[in-house]
Amino acid sequence: MDYIGSKTKLNKWIFDNIQKITATKTILDGCAGSGAVSRYAASLGYDVMASDLMKFSSVIANGSIGVSDIQLEEAKKHIVKLNALKGIKGFFYNNFCDKSTPARMYFTAENAMRIDHVRQEIEKITDAKVKDYLLFCGIEALSRVSNTAGVQAAYLKKFKARALERFTLREENVVKGNIRSYTYNILDLLPVLNKDYILYLDPPYNQRQYGPNYHLYETFVRNDSPVANGTTGIRNWKAECKSSFCVKKECLNFFKEIVKETTAKYIFISYNSDGLISLDELQKEIPGLKLLDKMLYRRYKADTSDKRKYDESDLFEYLLLVEK
Ligand SMILES: C[S@@+](CC[C@H](N)C(=O)[O-])C[C@H]1O[C@@H](n2cnc3c(N)ncnc32)[C@H](O)[C@@H]1O
């Protein structure tokens, strides 16, 4: 799945740095998103806690880490049956396709009906791990056929080629390991954790909220038939998962509160030189915060020559460390 800010390509760099600082093998991935960091950490042998404001994130983490071979075998049989379902007219059909009222072209009517049917059948599965694995496969399938330009805050006016393909679950890869997953605002989770762990935070760094951009995954997982308002039909994300990291007036204090609340000795933060809060401000306001490493992320100017020195307009991915 394409996920804004995914750390898939940066994981090795992040964990090479973390392992230079601490040998602790329990980590809280506090803004887990697509679960890419959690999966990488599990593959390195960490005990992983994954949490995010959005529920689909915790389902992906639980469904893609530590699924046993027996559970995978059971899930494979379900996938064959799920892919053979004819489709029913449910929430996705009534709200998110070319035949819904109003028409919202996120999916073809045939795929929307298949999504509804698959979701209804997954709900009947009693093994929570198998269920989350199938939801994870369903999210990936949904991502392949959704008629969007990546994020889900809007749909395209004409069906693109991939949206016309059949909604089909595949047997997605999993990693071995230990995972506990949560749906929490990070600040609310910290007080209930009382053991030694590494806190890794990969928060949004600009105003772009994740709720409206991934509402289809959230509704698929929650299966709660929310009110779908207006042209885009986006659920009430402001009430559910509005993030203080995306609000300049709130962001710095939010960082400070997290640092105060956590019992972790080491807090690693992924951030960006284009973030709402500058590195200078973070260092001034959060005692002990330092820049551990940085990586060139994008050059603004046409000159991409490696020989050219970095300048102010280059964008950097930061890995920050606060040691308490
Ligand atoms: C940059 S993405 C994380 C990407 C993730 N590391 C990955 O590799 O896929 C930021 C995530 O932070 C989550 N988030 C935003 N505010 C949060 C908060 N207050 N508590 C927990 N999660 C939050 C968003 O829902 C989003 O999934």
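Details of the structure are given in the entry above.
In terms of helices and strands, the chain carries 12 helices and seven strands. In terms of overall size, the chain behaves like a compact globule, its C-alpha atoms giving a radius of gyration of 21 Å where 324 residues would be expected to give roughly 20 Å. If one aligns the C-alpha atoms of the chain with their principal axes, the spans along those axes are about 60 × 45 × 40 Å. Within the chain, the proportion of its 324 residues that are buried is 53%. For the chain, the accessible area works out to roughly 15300 Å², and carbon and sulfur atoms hold 50% of it. Each charge class in the chain was averaged separately, 49 positive and 40 negative side chains, and the resulting centres sit 3 Å apart.

Moving on, we get to the site of the ligand. Neighbouring the ligand are 24 residues, the closest being Tyr3, Ser34, Asp52, Asp202 and Ser243. Residue Tyr3 places a side-chain N or O atom 2.7 Å away from an oxygen atom belonging to the ligand. Starting from 610 Å² of accessible surface for the ligand in isolation, the protein chains cover 99%. Classifying every residue of the shell around the ligand by side-chain character gives 14 nonpolar, seven polar and three charged.

Moving on, we get to the nonpolar core. Phe56, Phe92, Phe107, Tyr133, Leu134 and Leu142 are the most contacted members of the largest nonpolar core, which has 46 residues in total. Looking at this core, the elements that each hand over two or more residues are helix H3 (55-64), helix H4 (69-83), helix H5 (91-95), helix H6 (109-122), helix H7 (128-145), helix H9 (215-222) and helix H10 (237-241). Among the elements that line this core, the one with the most residues is H7, at 10 residues. In this view, Phe56 contacts Tyr3, Gly33, Ile139, Tyr214, Tyr217, Glu218 and Val221; residues no more than four positions away in its chain are not counted. With 32 residues, the next largest nonpolar core counts Tyr197, Leu201, Leu276 and Tyr318 among its residues.

One open sheet holds the seven strands; their spatial order is S3-S2-S1-S4-S5-S7-S6, and the pairing between them is mixed. Pairing within the sheet leaves two strands with one partner each, and these edge strands are strand S3 (178-183) and strand S6 (289-298). Mean inter-strand twist for the sheet, computed between neighbouring axes without regard to direction, equals 15°. As judged from the four bridges shared by strand S1 (residues 26-29) and strand S2 (residues 47-52), these two strands associate in the parallel manner. Each residue of the ladder has a partner; that of Ile27, found in S2, is Val48. The sheet strands contacting H3 are S2 and S3, and the helix crosses S3 at an angle near 170°. Taken strand by strand, helix H11 (residues 248-261) contacts strand S4 (198-201), strand S5 (266-272) and strand S7 (315-323), and its axis lies near 160° from that of S5.

Glancing now at the side chain of Ser146. With respect to the helices, strands and loops of the structure, Ser146 is situated in the loop between H7 and S3. With near-sequence residues (within four places) excluded, Ser146 lies in contact with Tyr106, Phe107, Lys160, Ala163 and Leu216.

Once the charged atoms of two side chains with opposite charge are near each other, the side chains can pair. Under the criterion given, the structure shown has 15 salt bridges. With a shortest N-O distance of 3.4 Å, Glu73 and Lys76 are connected by a salt bridge. In this pair, Glu73 and Lys76 both sit in helix H4, three residues apart, roughly one turn of the helix. In this structure Glu73 comes out as partly exposed when scored by relative accessible area, which is 43%. When the shortest N-O distance is used, the salt bridge between Glu257 and Lys260 registers 3.8 Å. Of the two residues, Glu257 and Lys260 are both situated in helix H11; the distance of three residues between them amounts to about one turn of the helix. Note on Glu257: relative accessible area 33%, which makes it partly exposed. Under the relative-accessibility criterion, Lys260 is labelled exposed at 57%. Each of Lys7, Asp202 and Glu317 takes part in salt bridges that share partners, so that together they form one network.

Cut-offs and rules
For every chain, the first residue of its written sequence is number 1, and the numbers climb from 1 along that sequence. Predicted model: local features are reported for residues with pLDDT of at least 70 only, side-chain atom pairs are reported and counted for 80 or more only, and whole-chain, interface and lining totals are derived from all residues. Where side-chain values are given, they derive from all heavy atoms of the structure, hydrogens and water being excluded. Counting from the N terminus, the helices are the DSSP runs of H or I reaching at least four residues and the strands are the DSSP runs of E reaching at least two. We take the radius of gyration over the C-alpha atoms and set the globule estimate at 2.2 Å times the residue count to the 0.38 power. Working definition: with a 1.4 Å probe on protein chains only, accessible area under 20% of the residue-type maximum means buried, over 50% means exposed, and in between means partly exposed. Accessible surface is estimated by sampling points in the Shrake-Rupley manner with a 1.4 Å probe; for residues, cover comes only from the protein chains shown. His is not counted, nor are the chain ends; Lys and Arg add positive charge and Asp and Glu add negative charge. Note that the charge is assigned to NZ on lysines, CZ on arginines, CG on aspartates and CD on glutamates. Here, proximity means that at least one heavy atom of the residue falls within 4 Å of the molecule or strand. Think of a polar contact as two N or O atoms within 3.5 Å of one another; within protein, one of them needs to be a possible hydrogen donor and the other a possible acceptor, and neighboring residues in sequence only count if both atoms come from side chains. Polarity classes work like this: nonpolar for Ala, Val, Leu, Ile, Met, Phe, Trp, Tyr, Cys and Pro, charged for Asp, Glu, Lys and Arg, and polar for all others, with Gly in that last group. Think of a nonpolar core as a cluster: buried Ala, Val, Leu, Ile, Met, Phe, Trp, Tyr and Cys residues, connected wherever their side-chain atoms sit within 4.5 Å. Should any heavy atoms of two residues lie within 4.5 Å, those residues are counted as being in contact. What makes two strands pair is DSSP finding at least two bridges between them. Note on method: axes are straight lines fitted to C-alpha atoms, helices fitted across the in-contact stretch only, with angles between N-to-C directions ranging 0 to 180 degrees. Throughout this description, the term salt bridge denotes a Lys or Arg side-chain nitrogen within 4 Å of a carboxyl oxygen of Asp or Glu.

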